[in-house]
Amino acid sequence: DMDLVYLNGALVYAQDVARMTVASERPTVAVFTQRYLPAMKSVDVLRSEIISATFASMMATKVEARHAMLVSAGLGGVVLLVLTGLALVLRFGLFSPFDAARQQINDIANGDFAEPRPVHHLGLELQDMFAKLSFLRSQQQAKHRLEMERHDIVEQLKRLSETDPLTGLFNRRTLYGLAQSILDEVRAETSGVGIVLLDVDRFKLVNDRFGHAVGDRVLQKTAAVLTGNLREGDIVSRYGGEEFLLVLRDVSAEQACAIAETLRKCLAETPIEEMGDERVTASFGVVWCGGESTSSNWDELVNLADRRLYQAKRMGRNRVWAGDVTDMSATG
């Protein structure tokens, strides 16, 4: 049975699998294990048969020794030594290697690719089997590594698709994706949400005088000031060009204006090394959404914040405006 089922069956199958070079043709670890391990039962049966036969032979020798004490004693000793040697050979040359092979297969199936302890004193066929197991382990380890790398790439691409590459803030598309859930919170909670749209004042002049590299530095510094002075749970995004949009959760209208004023002062006091003593300022338009009387339409709220932003610019820039909007003919 062992010769038919294992050596000419499962072992040949394992060798064929090991020779496969195309990954798509190679069976999964679960399929390989399901087909390979049952065939090893014949080895266990053979071991049991040998042990049983050995024990029976020893008992027969013992009986014969009683009838012919002097003659059988010497022969019994020889037989005992032979059988013991055979048992040791079978144990270390067959049973122990197969147990080690089975353990290695289980480790590979469970995702443990650590290098196992070496197995010594193997025949050619067993050496070939362990070599194929080592090859299988290396292939599965490489597959696992590729899967981890693919996962990291997917996460990186997701992060790049959600953020602005210059500032690291959420981009406009991502913010729109969060907008509805933010407005739903307004209906579910008693507090409101503040929407703040800010625009860096005279940003075109910064680019013209100092260059676009300095302009990029201004935007990065602005993003750092905003993220460094907002609360946990607030959202800041780059809305476009030199515009940034903030979503302040769980605030009253007065708190939203106060936070915007704090940010305005921080921006005005933050130095830009490449610009010397000059400071960059920003204008803010603030809208508060809360209660049943306010609009919950995201586009309408952002448009109102945009109109209030340009009202702040028309009134002299570097200020926060949350009131009524008058003539919109001026530009910032």
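Residues numbered from 1 in each chain as written. Predicted model: local features only at pLDDT ≥ 70, side-chain atom pairs only at ≥ 80, totals over all residues. Heavy atoms only, no water.

### A short note on the environment of Ala109
Right, on to step 1. Mapped onto the elements, Ala109 comes out in helix H4 (residues 69-109).
Right, on to step 2. We classify Ala109 as partly exposed; its relative accessible area is 40%.
Right, on to step 3. Taking C-alpha positions, Ala109 is 9.2 Å from Gln140, a pair spaced 31 residues apart along the chain.
Right, on to step 4. Look past the residues within four positions of Ala109 in its chain and what remains in contact with it is Val29 and Thr33. (Helix = DSSP H or I, 4+ residues; strand = E, 2+ residues; numbered from the N terminus. Buried < 20%, exposed > 50% of the residue type's maximum accessible area, 1.4 Å probe, protein only. Contact = heavy atoms within 4.5 Å.)

### Re the sheet that holds strand S1 (residues 192-200)
Right, on to step 1. Read across the sheet, five strands follow the order S2-S3-S1-S4-S5 without closing on themselves; strand pairing throughout is mixed. With one partner strand each, in any of the chains shown, strand S2 (235-240) and strand S5 (320-321) form the two edges of the open sheet.
Right, on to step 2. The strands touched by helix H9 (residues 253-269) within the sheet are S1, strand S3 (243-251), strand S4 (282-289) and S5, with S4 carrying the most contacts at an inclination of about 165°. (Pairing = 2+ DSSP bridges. Axes fitted to C-alpha atoms, helices over the stretch in contact; angles between N-to-C directions.)

### Here we look at the confidence of the model for the protein
Right, on to step 1. On average, the protein scores 83 in pLDDT, and the residues at 70 or more come to 89%.
Right, on to step 2. Every residue in residues 328-332 is under pLDDT 50, and counting partners more than four places away or in other chains gives nine contacts. (pLDDT = per-residue confidence, 0-100.)

### What about the pairing of S1?
Right, on to step 1. Taken across its nine residues, S1 has nine buried, putting it largely inside the fold.
Right, on to step 2. Alternating residues of S1 divide into Gly192, Gly194, Val196, Leu198 and Val200 and Val193, Ile195, Leu197 and Asp199, and every residue in both groups is buried.
Right, on to step 3. The pairing of S1 with S3 spans seven bridges and is classified as antiparallel. The partner of Leu198 across the bridge, within S3, is Phe244.

### Considering the pattern of salt bridges
Between side chains of opposite charge, a pair can form when the charged atoms approach closely.
Right, on to step 1. Enumeration according to the criterion identifies twelve salt bridges in this entry.
Right, on to step 2. Between Lys221 and Glu273 there is a salt bridge, with the nearest N and O atoms lying 3.8 Å from each other. Of this pair, Lys221 sits in helix H8 (residues 212-229) while Glu273 is found in the loop between H9 and S4, placing the two residues 52 residues apart along the sequence.
Right, on to step 3. Counted as one network, the salt bridges with shared partners bring together Asp199, Asp201 and Lys313. (Salt bridge = Lys/Arg side-chain N within 4 Å of Asp/Glu carboxyl O.)

### Some thoughts on the packing of helix H1 (residues 2-19) against helix H3 (residues 41-67)
Right, on to step 1. Two elements in contact, H1 and H3, have axes whose closest approach is 8 Å; the angle formed by their N-to-C orientations is 140°. When the axes of H1 and H3 are compared, the pair comes out oblique. The hand of the H1/H3 crossing is left-handed. Taking contact as the criterion, the partners of Met2, Val5 and Tyr6 in H1 are, on H3, Ser42, Val43 and Leu46.
Right, on to step 2. Grouping the amino acids of the contact of H1 with H3 by side-chain chemistry returns five nonpolar, one polar and no charged. (Parallel < 35°, antiparallel > 145°, perpendicular 65-115°, else oblique. Left-handed = near helix turned anticlockwise from the far one by under 90°. Nonpolar A, V, L, I, M, F, W, Y, C, P; charged D, E, K, R; others polar.)

### Section: the packing of H8 against H9
Right, on to step 1. Running from N to C, H8 and H9 point in directions that differ by 140°, and their axes come no closer than 10 Å. Judged on the interaxial angle alone, H9 and H8 are oblique. Where H8 crosses over H9, the two elements pack in a sense that is right-handed. Contacts between H8 and H9 involve Thr222, Val225, Leu226 and Asn229 from the first element and Leu263, Cys266 and Leu267 from the second.
Right, on to step 2. Residues that form the contact of H8 with H9 fall into these classes: five nonpolar, two polar and no charged.

### Examining the packing of aromatic side chains
Right, on to step 1. The final tally for this structure, using the stated rule, is four aromatic pairs.
Right, on to step 2. Between the aromatic rings of Tyr6 and Tyr36, the centroid separation amounts to 5.8 Å while the plane-to-plane angle is 65°, which identifies the pairing as edge-to-face. With Tyr6 in helix H1 and Tyr36 in helix H2 (residues 29-36), this pair connects stretches of sequence that are 30 residues apart. Summarising the burial analysis for this pair, Tyr6 and Tyr36 share the class buried.
Right, on to step 3. Centre to centre, the rings of Tyr13 and Phe32 are 5.7 Å apart; their planes meet at 25°, and the pair counts as stacked. Taken together, the residues Tyr13 in helix H1 and Phe32 in helix H2 connect sequence positions 19 residues apart.
Right, on to step 4. Clustering of aromatic rings is evident, with ring pairs tying together Tyr6, Tyr13, Phe32 and Tyr36.
Right, on to step 5. Note that Arg35 overlies the ring of Tyr13, its terminal NZ or CZ placed 4.0 Å from the centroid.
Right, on to step 6. The residue whose ring lies beneath Arg172 is Tyr239, and the NZ or CZ to ring-centre distance is 4.0 Å. (Phe/Tyr/Trp six-rings, centres within 6.5 Å; stacked < 30°, edge-to-face > 60°. Lys NZ or Arg CZ within 6 Å of the ring centre and 35° of its normal.)

### Looking at unusual backbone geometry
Right, on to step 1. Residue Arg317 is not a glycine yet carries a positive backbone phi of 65°.
Right, on to step 2. Relative to the helices and strands, Arg317 resides in the loop between helix H10 (298-314) and S5.
Right, on to step 3. Phi angles above zero are rare outside glycine, and Asn318 is one such case at about 50°.
Right, on to step 4. Following the sequence through the fold, Asn318 ends up in the loop between H10 and S5.
Right, on to step 5. Overall, Asn318 belongs to the partly exposed group, its relative accessible area being 25%.

### Section: H10
Right, on to step 1. With 17 residues, H10 should cover 24 Å at 1.5 Å per step; its first-to-last C-alpha distance of 24 Å lies within 8% of that length.
Right, on to step 2. Inspection of H10 places Trp298, Leu301, Val302, Ala305, Arg308, Leu309, Gln311, Ala312 and Lys313 among the buried residues, and these make up the whole buried set.
Right, on to step 3. One or two residues past the end of H10 sits Gly316, with phi positive at roughly 125°. (Expected span 1.5 Å × (residues − 1).)

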